[in-house]
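# Breakdown of the fold
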Amino acid sequence: MVKRIELHNKLKTILPNVYFQPPSNVRLTYPCIVYHKRPPEVKMANDTIYNRTQEYQLTIIDQNPDSDTADRILGMFTYCTIGSYSIVDNLNHTTLNLYY
């Protein structure tokens, strides 16, 4: 949990509105970053786990289609890739996969 709190604090340096697995009754303030835990990446050799890295799925939600938030996150974290782009209810969603 300590690493997740560290991640949360790093994300807050990029945008002030950061939500970890928010329930449906939470009203989001835009622009924001919403992130969820995903199954960890596990690397094995000789029937032994030698590396386990937690994966998070980040979604940047912003009214601005030219937002640089995804670029700033990509610059901050080594193991991060863009997953997809979409528009939902006139809000731009950029999904990133982050191993942290």
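Summarised in this report is the structure supplied together with it. (Residues numbered from 1 in each chain as written. Predicted model: local features only at pLDDT ≥ 70, side-chain atom pairs only at ≥ 80, totals over all residues. Heavy atoms only, no water.)

Right, let's talk about the pattern of salt bridges for a bit. Summed over all chains, the structure comprises two salt bridges. Residue Glu41 is joined to Lys43 by a salt bridge in which the shortest nitrogen-to-oxygen separation is 3.7 Å. Of the residues examined, Glu41 reaches a relative accessible area of 31% and is grouped as partly exposed. A relative accessible area of 36% places Lys43 in the partly exposed class. Here Arg72 makes a salt bridge to Asp68, at a shortest N to O gap of 3.7 Å. Assessed through its relative accessible area of 36%, Arg72 is described here as partly exposed. (Salt bridge = Lys/Arg side-chain N within 4 Å of Asp/Glu carboxyl O. Buried < 20%, exposed > 50% of the residue type's maximum accessible area, 1.4 Å probe, protein only.)

A general tendency of soluble globular proteins is for nonpolar side chains to be buried together. In terms of nonpolar packing, the biggest core is built from 17 residues, with Leu7, Leu11, Ile33, Leu58, Ile73 and Phe77 touching the most fellow members. Of all elements in the fold, only α1 (2–12), β2 (32–45), β3 (48–62), α2 (69–76) and β5 (91–99) reach the threshold of two or more residues within this core. Among the elements that line this core, the one with the most residues is β3, at three residues. Among all residues touching Leu11, those that are not within four sequence positions of it are Val18, Ile33, Tyr35, Leu58, Ile73 and Phe77. In terms of nonpolar packing, the next biggest core, distinct from the first, is built from five residues, Tyr19, Cys32, Val34 and Leu91 among them. (Core = buried A, V, L, I, M, F, W, Y, C linked by side-chain atoms within 4.5 Å. Helix = DSSP H or I, 4+ residues; strand = E, 2+ residues; numbered from the N terminus. Contact = heavy atoms within 4.5 Å.)

Our next topic: unusual backbone geometry. Looking along the chain, the bond that leaves Tyr30 and enters Pro31 is cis, with omega of -5°. Summarising the element assignment, Pro31 is placed in the loop between β1 (18–20) and β2. Of note in this structure, Asp89 is not a glycine but carries a positive phi near 50°. If you trace the backbone, Asp89 turns up in the loop between β4 (80–88) and β5. Owing to a relative accessible area of 70%, Asp89 belongs among the exposed residues under this scheme.

Bridge count between β1 and β2: three bridges; the pairing is parallel. Looking at the pairing, Phe20 lines up with Tyr35 of β2. Both β2 and β3 contribute to a ladder of twelve bridges, which runs antiparallel. Looking across to β3, one finds that Arg38 is bridged to Glu55. (Pairing = 2+ DSSP bridges.)

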